[in-house]
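# Working through the structure, step by step
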Amino acid sequence: MHAKHVFVKWVGLPMALALSLGVSAAPALAAPYGQDAVSPMTGSLDQEFRAAYPLDAPSSSLRLAGVALDRLRLPGLQLSSRSDDAGDEGGVLLSFSDRSGAVRALVQIAVLPDVLWARRVLGTELRGVALPLSRAFDPLLGDLAYADEGGRGTSLVLATQANIAYRVQIVESGSDVPSAASIAGLVRTAMIAGSPTYPQVTLSLPATIDAKSGAALRIQVAGGLPYTLRAEGAYVARGQSGPLVRPFAAGPITVFATVTSELGCVTVASTSSLAR
Amino acid sequence: MPRTPVRSLARSIPLFASLLIACSDPQDLKDPPLDRADERDDSMDTRLDAALPADAAEPADAATPPDQSDPPPRVCQPQVTLTMAAPLAELRSKSKLAIEVLVTDRGGSTDPHPLRVELTKKDGTRIKTLHDADLKPGTLRIDFVPGSETDLPTGEQQIRAWLGCPASVPGMPSEAQTPLYLLRLGVTQIHVQDGEGGGRVPLLYHAVDKRSGNYFPIPKTLPTSSLNIPSGEPELDKPDGSPRLFPDKPWSDLVTPPVDGSGAVRETGETLPVSLRIGTKPDLVFTIGKTAQAMGGSQPTGLLAMSLPPIRLVVTGVPGSDAARVKEGGQVTVRLLASPVPRIQRVDADVKWHFEWLRPDGSYAVIADSEQAVTLRFYGVLGNEQGTTSPNLPWVAVVDEATQAIAGTASDAAGARAVLVQYVYEKMGLSYDRRSGASAYTRYSGTGGWGTSTFSLAEFLKRSRGRVVNCSDCGSILSTYANMIGAKSRYAIIGWNFKLNPILGIGAMMFGSPFESGRLGFSYHAVTTPDATSHIDDATLAVDGDMDPKTAPHTKLLVQSLTGDEYLTRLSPTFGSGTPAYQYKDQITNAR
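Being a predicted model, the structure only gives us computed values, none of them experimental. (Residues numbered from 1 in each chain as written. Chains lettered and ligands numbered in written order. Predicted model: local features only at pLDDT ≥ 70, side-chain atom pairs only at ≥ 80, totals over all residues.)

## Some words on the overall build of chain A
What chain A contains, in helices and strands, is five helices and 18 strands. Relative to its full complement of 276 residues, chain A shows a buried share of 43%. The long-range share in chain A, meaning contacts at least 24 apart out of those at least 6 apart in sequence, stands at 58%. (Helix = DSSP H or I, 4+ residues; strand = E, 2+ residues; numbered from the N terminus. Buried ≥ 20, exposed ≤ 12 C-beta atoms within 10 Å, placed from the backbone. Contact = placed C-beta atoms within 7 Å.)

## Quick notes on the interface of chain A and chain B
Chain A puts 55 residues into the contact, and the matching count from chain B is 61 residues. Grouping the amino acids of the side of chain A that touches chain B by side-chain chemistry returns 28 nonpolar, 16 polar and eleven charged. (Nonpolar A, V, L, I, M, F, W, Y, C, P; charged D, E, K, R; others polar.)

## Considering the environment of Lys249(B)
Looking at where Lys249(B) falls in the secondary structure, it is placed in the loop between strand S13 (225-226) and strand S14 (274-277). Placed 42 residues apart in sequence, Lys249(B) and Ala207(B) show a C-alpha to C-alpha distance of 21 Å.

## As for the packing of helix H4 (residues 396-406) of chain B against helix H5 (residues 413-427) of chain B
All names here are of chain B. Relative to each other, H4 and H5 sit at 100 degrees, their axes nearing to 9 Å. The orientation of H4 relative to H5 falls into the category roughly perpendicular. Together, Ala402, Ala405 and Ile406 of H4 and Ala416, Val419, Leu420 and Tyr423 of H5 make up the contact between the two elements. (Axes fitted to C-alpha atoms, helices over the stretch in contact; angles between N-to-C directions. Parallel < 35°, antiparallel > 145°, perpendicular 65-115°, else oblique.)

## Structural notes on the nonpolar core
With 223 residues, the main nonpolar core has Val157(A), Ile164(A), Val245(A) and Ala416(B) as its most contacted residues. Residues within four places of Val157(A) in sequence aside, it is in contact with Ala136(A), Leu141(A), Ala145(A), Ala147(A), Arg167(A), Val168(A), Ala180(A), Ala181(A) and Ala184(A). (Core = buried A, V, L, I, M, F, W, Y, C linked by C-beta atoms within 7 Å.)

## Considering the domain arrangement of chain B
All names here are of chain B. Taken as a whole, chain B is organised into domain 1 (15-183), domain 2 (187-381) and domain 3 (412-591). Taken together, the contact pairs 25 residues of domain 1 with 23 residues of domain 2. Listing elements by their share of the side of domain 1 that touches domain 2, those giving two or more residues are helix H1 (15-22), strand S2 (88-90), strand S7 (155-163) and strand S8 (174-183). Of the residues belonging to the side of domain 1 that touches domain 2, the class tally is 14 nonpolar, six polar and five charged. (Domains from an automatic or database assignment.)

Structure below.
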């Protein structure tokens, strides 16, 4: 049956190519994880993935309030770009560049309410890595960590520490760039114990707004933290005295505000209205 | 010589009768009979009316020197006739509007007669004196250049002539008048509409005012191009009287539409791009201006004047049509004869138009100096496979790049995808993450863990996370670029943990492992497909295209629409043994 399955797969291929490859119908042997081996498809891709990357290691009991982002200074590199998303969508992603402007390292930090969430985020991030990673047992990297080069983390570390998931990726290595594991250590030392506190954000719009002229958005952010705005069904202008929501047309509108605390806790708040 | 005071109106020849005779040949408007007068003696004293047939005027006999034996004239019977090449003129025209004044005296006097010709309002108020001097019987040509004057009123005015008698010969003066319509002709806005063929395709700016995530789908109702008209000012002219011009080039920013000081989108005053299905012959909808500059403010364009001959708008290259007749503030639709985008490409098309008036003989004549022009930017695409709601609409930044990359070399989906594979693989300056094959711009979620992909397209366009990518990123780039120009592309995931044949990774110089470690294997791989893996496109790598992809020498083969099986055969030595296999086959990438 297996041979028949192989025969069916070869239909439509150039015959000469098929013959030259000497396709074998013998099943591949299972091999230890992490080595050059082929494992037969024993189940879905997700099952294979979970088998390769178990996420159920014991977690640290010390809850974390977040990561002091202003302490993340990488030697020889400067912060060149940043994008903020809700923690379960990846959190804060920092790009660090050298003096020529080339991006050399990425650091991604997601502060979640609890360990389970952090582990889920870790699982999501692992799905985007084509090189099989090894479990890293260096506690400095986290209570659960996967890294390249047999777990040493030369270029890539993905890990959790309690309720924080983080990733360090060396985009372009060199003697002037620390290893991913070193940078991960910096991230770890910047972690602050405590309960995560997400910024308090209040947004309000009138229940209905004029589709042509729009309406002012009222936003209050505790602590005066900076925020970014985006909308569905509208765009946001600066306005004379504050953000002004400008609908595209009559219909529902939702405005989102993303606010990040100094410890990397991200709040995405929203409010809706109807443009008429 | 004292002038004979004007006492009463004389008969005047109806305007159109004069024009019929003067303009029986369309060429006459360019070479009016008056030109024949120019070929004669330049002296006004001797200009004759040989251009006009005998029945054109009352009377039309040229004056002849009196026979010495005839008794001197005892009565003056002056007659003045006005003839114009056209009864209307564009207010800003620098072309000469010829006014022919025919002076005769049935009493036979050949002495100079006092003649005054004026441009007046309908109520007789003088606007400008065109001639005020004595003239012997004959023809006088006056060239009036509206564009050389300032503060002319629009609408129906009059050319009036008063002809008196020589002091030595008593008689009654003669008058004549004919209407002259002064018009300010122009378009204030152009909308490109669907027309014939596939029509318009949506476009979106992804960062209004350079603010990330501030999306703006370009509404179809937004003018494609328009004049910049500050509130309260005349539409067609600046306060100094100079004409407003359409933008000299299309809006070039690919990220944001033009915005004002408060970050609100400026809806007029620029030319925004339009995406059309290839082969579309779009409709151009022109909005006719309502106001022109006047002393101290605005005035109407004159198009509302009673008895004004019909006027139409004509686009260069498109035959004129009565359906394109204009009215003040109205709209005129003209369909282009040919598609500006016959293939997948970006085209900056120069569009010119002018105005014409309907002559009594049923033919149209160009109104001098009524031209306007604009450069419109068109993207020729196959459609939209990205989605229907923001931000999953075609982005201007992506469509602009993709159509320029294809540049007319493809006109179907397969061709477009093939070009884009090469573009991503060879032209974008990207390289594979040889350290760990980790994604920089793509994130998976959803069913089974890889069911949905989110592509940080805005960050990728800025390369804010660098130029080192993995297969997920290449798959996102390729599928998004293809979908946004209408070449359907979905992603597929291959797994799990399988060996590789030597490949040539994006940015690599030689076949082999994609990794610095030398490892010949992927835990998973992402590719794109238009048809659930029957065919595969892959911009992450090239495979060995010869009969033995496992061993050297290697022949570089870009993965452009390889069959699903051939691709896996060339990718992996273990294809057919259970892995690799397509695990996800038809997944959508969401752009943000």
